[in-house]
Amino acid sequence: MHRSQKLSRRAFLRRAALAGAGIAASHRFAPRLFAGISIAVPLGEFSYGAVDLHSNLHEQQLSETHAVLMGLSDDSLLKPFRQMAGQQAPGEDIGGWYRYDPNYDWHTFDAGFAPSATFGQWISALARAHAIDRNPATRDKVLRLNRLYAQTISGGFYEKNRFPAYCYDKLVCGLIDSHTYVGDPEAYRILEQTTNAALPHLPGKAIRHGTSWRPGTDESWTWDESYTIPENLFLAYQRGAGERYCDLGQQYLADDYFDPLAEGHCNFAGRHAYSHINALSSAIQAYLTLGSEKHLRAAKNAFDMLQAQSFATGGWGPDELLREPGSTDVYDSLSNTHHSFETPCGAYAHFKLTRYLLRIFKEARYGDSMERVMYNTILGVKPLQADGRAFYYSDFNFQGKKVFSDHRWPCCSGTLPQIAADYRISTYFRDDNGVYVNLYIPSTVRWTQGVTELSLTQKGEYPFASSMEFDVSTSRKIKTSLNFRIPAWAQGASIFVNGKRQHEPPVPGQFAAISREWKTGDRVELDLPLALRVESIDRQHPNVAALLAGPVVLFAISDKPETSEPFSPTPAQLLAAKKLAPEKWQIETAIEPVTLLPFTAIADEQYSTYWKMKTVEQARQQTWR
């Protein structure tokens, strides 16, 4: 391909990426045909400001994390950058992983492990928060920090850093979000400076985790994540940062990882969990930006492979490792570790992956998976603290607990503020024909179709009550389509419009479309029966199962010591659980009643995610003894 042809194609791709309402419609791509490759138009995202959430749980998480970031001093945030650039570095050292320690001992995994690694994520989270509420104080902080950071840019930061690609990736994310959501006119100039400083200190291609590429360094210098960086590079290109970012995105695609996945061969075993699931978003961006169907197949196949080794909660990767297909590792983790799922980071990667896949394929199962992760992991984490204490692992052990990480300001303190902002852009999607309702969260979405202004307001107590209401408001009558995700477990779901039941029953595992002329005052009522069911941990252990009501895992609350044998109910006993309150269940046993709570309602109690079920005969023997 001649250079002129390459640029022409790139120019078209960028125009396609920004078609329609541009970033406000979240990078909607026009259909295009290059070299026989046809790319369908994905569903569009709504802007952060187009969706209001009315859920206390979601909004509390956002406000708490935002308050922590706004409370961090500029000098403290810039301190590691200034130190690594050999500059004066006033201000308090906030410590934890964020601090710079030239004498850091990697065996401790403690203070100094990843200096300033979360800075770019925090800038990104602040920018997204500003896009939600347009708070001028948030914008001022982003602009101020970006300019102070620009004064510190140096190759020394990357040379002295165990994670040069990781940090560069987060800085790219923060700067492109600053440009997009805050309107920082200097963001792309600072991005150019950052890229120029970083590139001489990056490996030049995607390097597998654990592979040495920097001579004279110890094992800890092999843990960088260069294979995750194409996603934000492609996004930088799409948003107008320049051609070089598309080139860099291609340069760092980890095809030694993606190629087997595209052919249906699982190569997960032993790989770092979060970063390799996060890398799948780079594969999807290769499809969206370059038209590479191979990379889309890789991501789609990998999602299916991940589902096969996930917990009932939706989480995955015990001890931060992906596992061999068909192994008993996930079952074994119920007893041998309390580090079941790296939650804020893993949930952030999972939300991105499922959001991309849902937009491209329009399949409800991706929303089902996202919903599980939301209610059973990330929405129930302990809140980020001003001193850097952060929730890291969800614990699905038979004797589980919610605890803060042993380390302050870990990587998960960077992703939690980002995902807290992203609930909005995951709840609704759109195309030229209407709106898709993905997550059932009390909320309002606003949009314009042609010259008509519309809004849809969602009400209800889901997932602790089965029914929801959707009120329509329009500036004029309009024919459009409302599409509702019907989860695969929702047998017997029903939809009513203005009190009349729809003739076609909703199909579990699909979106139910209602196409009609809508006007202000129209109401849709959706009922998703929350029948109890059990799900086994794997095929080898069908008797080890979790109890669920709809998308929610019901965790057994127990104060028994770890050495004690938990009560083992029959499936019938589990399925006879009684609901005592909106977020409280109980099962009766021959020994004592057992309380069941969703993850979001657990504070410091000990709990168990899975039960060791017995047959009826075994239960009789246990009761007799």
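Preceding this section is the structure that the text describes.
What counts and what doesn't
- Residues numbered from 1 in each chain as written.
- Predicted model: local features only at pLDDT ≥ 70, side-chain atom pairs only at ≥ 80, totals over all residues.
- Heavy atoms only, no water.
- Core = buried A, V, L, I, M, F, W, Y, C linked by side-chain atoms within 4.5 Å.
- Buried < 20%, exposed > 50% of the residue type's maximum accessible area, 1.4 Å probe, protein only.
- Helix = DSSP H or I, 4+ residues; strand = E, 2+ residues; numbered from the N terminus.
- Contact = heavy atoms within 4.5 Å.
- Pairing = 2+ DSSP bridges.
- Disulfide = S-S within 2.5 Å.
- Axes fitted to C-alpha atoms, helices over the stretch in contact; angles between N-to-C directions.
- Parallel < 35°, antiparallel > 145°, perpendicular 65-115°, else oblique.
- Left-handed = near helix turned anticlockwise from the far one by under 90°.
- 1 Å grid on protein atoms, 1.4 Å probe; cavity = no way out; pocket = protein on both sides within 12 Å on 5 of 7 lines; lining within 4 Å.
- Points joined across faces, edges and corners; volume = space filled by probe spheres on them.
- Nonpolar A, V, L, I, M, F, W, Y, C, P; charged D, E, K, R; others polar.

**A look at the nonpolar core**
- Grouped together as the largest cluster of nonpolar side chains are 198 residues, with contacts concentrated most on Phe119, Leu528 and Leu596.
- In terms of residue count, the dominant contributor to this core is helix 12 (residues 273-290) (11 residues).
- Residues within four places of phenylalanine 119 in sequence aside, it is in contact with Leu77, Leu78, Phe81, Tyr98, Leu145, Tyr149 and Leu171.

**Looking at the environment of proline 417**
- The topology assignment puts proline 417 in helix 17 (residues 412-427).
- Residue proline 417 is classed as buried on the basis of its relative accessible area of 3%.
- Here the alpha-carbon distance between proline 417 and alanine 129, two residues 288 residues apart in the chain, equals 8.9 Å.

**A look at the pairing of strand 8 (residues 434-437)**
- In this structure, strand 7 (residues 428-431) lies alongside strand 8, joined through 4 bridges in antiparallel fashion. In the strand pairing of strand 8, arginine 430 is matched with valine 435.
- Between the end of strand 7 and the start of strand 8, which pair antiparallel, lie 2 residues.
- Alignment of strand 8 against strand 12 (residues 478-486), held across 4 bridges, turns out to be parallel. Following the sheet pairing, valine 435 is matched in strand 12 by leucine 482.

**Things to note about the state of the cysteines**
- Under the criterion given, the structure shown has 0 disulfides.
- The thiol sulfur of cysteine 246 is not disulfide-bonded, and the nearest other cysteine sulfur, from cysteine 173, lies at 18 Å.
- Residue classification places cysteine 246 among the buried positions, given a relative accessible area of 0%.
- You can see cysteine 412 has no disulfide; the closest cysteine sulfur is in cysteine 345, sitting 3.6 Å from it.

**Some details on the packing of helix 4 (residues 119-133) against helix 5 (residues 136-150)**
- One way to put it is that helix 4 packs onto helix 5 with a least axis distance of 9 Å and a crossing angle of 150 degrees. Looking at the two axes, helix 4 sits roughly antiparallel to helix 5. For the pair helix 4 and helix 5, the crossing hand works out as left-handed. For the pair helix 4 and helix 5, the contacting residues are Phe119, Ile123, Leu126, Ala127 and His130 in the first and Thr138, Arg139, Lys141, Val142, Leu145, Asn146 and Tyr149 in the second.

**A word on empty space enclosed by the protein**
- A complete count under the given rule lists 10 cavities of 30 Å³ or more for this structure.
- If you go around the largest cavity, you meet 31 residues; those closest to its centre are Arg128, Glu231, Leu235, Lys352 and Tyr356.
- Elements that contribute at least two residues to the lining of the largest cavity include exactly helix 4, helix 7 (164-182), helix 9 (230-238), helix 12, helix 15 (343-361) and helix 17.
- Considering every element that reaches the lining of the largest cavity, the biggest residue donor is helix 7, with 6 residues.
- Looking at the lining of the largest cavity residue by residue, the classes come out as 11 nonpolar, 9 polar and 11 charged.

**Comments concerning the sheet that holds strand 3 (residues 44-45)**
- Taken together, 5 strands build an open sheet; the order of strands is 3-7-8-12-15 and the sheet is mixed. Of all the strands in the sheet, the pair left with one neighbour each is strand 3 and strand 15 (510-518).
- Running at roughly 55 degrees to strand 12, helix 16 (residues 364-376) makes contact with strand 12 and strand 15 of the sheet.

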